[in-house]
Amino acid sequence: SVIVASGPSGVLRRWSSVDGADLGSIEPHAGLVASIALDPARETLLVGGATLALFELSGDTPGHSVDPFPAEIAALVPPGGAVGSSISTDGDMVALLTGGEVWVWDRTATTDAARQVPAAATGVPVGATLSPDGSLLVVPYLDYGLGTTEIVVFDAATISVIDRLAS
């Protein structure tokens with residue numbers, strides 16, 4: 001098991017959650033790291049910030065960069081970068097909030113791998129969280145004017161709404 005943390009330098013430090021051993025650092029990009037998501041198996045690390053990056057944490061070369069983000073997602077990353085991200089247990093599905101838009105990326109797909117999630121409620125999306133198996137996507141929408149939140153649950157494969165929770 002791995003524990004990952006970041007500071008203002010943008011460098012990610014890794015430690016063993018078993019014995020606290022220092023597992024070294026990763027320098028994903030220049031600038032602040034805005035979000036970190038680690039798949040539950042702790043094998044793939046998703047880093048959002050000035051750019052987006054995925055890192056393999058297991059295998060022969062832990063900490064090496066893998067799978068650049070699809071161009072349609074990477075092109076959307078504004079100054080300040082991706083602010084919310086989530087990754088499935090197997091590392092195959094990635095969800096992120098960047099530039100006020102929610103995207104889902106199926107890393108196993110050969111076509112239409114990256115899909116934008118259409119707005120499904122009033123307000124702005126403030127997060128994007130996948131279920132551990134990657135089948136569901138949960139997006140909270142905050143309407144600042146009304147002071148209300150609506151949580152929308154999507155089928156991650158079809159990007160169709162399957163439930164709504166309002167507050």
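As a reminder, the structure under discussion sits directly above these lines.
Nothing here was measured: the structure is a model prediction, and the numbers come from that model.

Participant: Residues and numbers for the overall build of the chain, please.
Facilitator: In terms of regular secondary structure, the chain is built from 1 helix and 16 strands. Counting the 167 residues in the chain, one finds 43% classified as buried. Of the contacts formed within the chain by residues at least 6 apart in sequence, a portion of 35% connects residues at least 24 apart. With an accessible surface of roughly 8100 Å², the chain has 56% of that area assigned to carbon and sulfur atoms.

Participant: Give a detailed account of the pairing of strand 15 (residues 148–155), specifying residues and quantitative values.
Facilitator: The two faces of a sheet get side chains in turn, since along a regular strand they alternate between them. When strand 14 (residues 136–143) meets strand 15, the two strands line up antiparallel, connected through 8 bridges. Across the sheet, Tyr141 pairs through a bridge with Glu150, a residue of strand 15. Here strand 14 hands over to strand 15 after 4 residues, with Gly147 in that stretch at a positive phi of 70°. By the bridge criterion, 6 bridges tie strand 15 to strand 16 (residues 160–166) in an arrangement that is antiparallel. When the bridges of strand 16 are listed, Asp155 appears paired with Ser160. Counted along the chain from strand 15 to the antiparallel partner strand 16, the turn is 4 residues long, and its residue Ile159 has a positive phi close to 55°.

Participant: I'd like a description of unusual backbone geometry, backed by residues and values.
Facilitator: Unusually for a residue other than glycine, Ile159 sits at a positive phi of about 55°. By the secondary structure assignment, Ile159 is in the loop between strand 15 and strand 16. Residue Ile159 is classed as buried on the basis of its relative accessible area of 12%.

Participant: Before we move on, could you go through the environment of Val102 and cite the residues and values that matter?
Facilitator: Mapped onto the elements of the fold, Val102 is located in strand 10 (residues 101–106). Distance in space between the C-alpha atoms of Val102 and Ala128 is 6.7 Å, their sequence separation being 26 residues. Apart from residues lying up to four places away in sequence, Val102 is in contact with Leu96, Leu97, Arg115, Gln116, Val117, Pro125, Gly127, Ala128, Leu137 and Val139.

Participant: If you had to explain a nonpolar patch on the surface to someone new, which residues and values would you point to?
Facilitator: Where nonpolar side chains cluster on the molecular surface, the patch consists of Val124, Val126 and Tyr144 and spans about 300 Å² of accessible area. Inspection of the secondary structure puts Tyr144 in the loop between strand 14 and strand 15. Taking relative accessible area as the criterion, Tyr144 reaches 63% and is therefore assigned exposed.

Participant: Lay out the side chain of Ser88 with the relevant residues and their values.
Facilitator: For Ser88, the position within the fold is in the loop between strand 8 (82–87) and strand 9 (93–98). A polar side-chain atom of Ser88 sits 2.7 Å from a polar atom in the side chain of Asp90. Among the polar contacts made by the side chain of Ser88, one reaches the main-chain amide nitrogen of Asp92 at a distance of 3.3 Å.

Participant: Can you explain the nonpolar core? Please cite residues and give values.
Facilitator: Core analysis: the largest hydrophobic core is formed by 17 residues, its most contacted members being Val102, Val117, Leu137, Tyr141 and Phe154. For this core, the elements supplying multiple residues, two or more each, are strand 9, strand 10, strand 14 and strand 15. Counting residues in each nonpolar core, the second largest holds 10 residues, with Ala37, Ile87, Leu96 and Trp105 among its members.

Participant: Tell me about the environment of Ala166, and name the residues and values.
Facilitator: In this structure, Ala166 sits in strand 16. Those residues in contact with Ala166, other than ones at most four positions away along the chain, are Thr149 and Glu150.

Calculation rules
- Residues numbered from 1 in each chain as written.
- Predicted model: local features only at pLDDT ≥ 70, side-chain atom pairs only at ≥ 80, totals over all residues.
- Heavy atoms only, no water.
- Helix = DSSP H or I, 4+ residues; strand = E, 2+ residues; numbered from the N terminus.
- Buried < 20%, exposed > 50% of the residue type's maximum accessible area, 1.4 Å probe, protein only.
- Contact = heavy atoms within 4.5 Å.
- Areas by Shrake-Rupley, 256 points an atom, 1.4 Å probe, with all protein chains shown as cover.
- Pairing = 2+ DSSP bridges.
- Patch = residues over 30% accessible without salt bridge, like charges linked within 9 Å, V, L, I, M, F, W, Y side chains within 5 Å.
- Salt bridge = Lys/Arg side-chain N within 4 Å of Asp/Glu carboxyl O.
- Polar contact = N/O pair within 3.5 Å; in protein donor to acceptor, adjacent residues only side chain to side chain.
- Core = buried A, V, L, I, M, F, W, Y, C linked by side-chain atoms within 4.5 Å.

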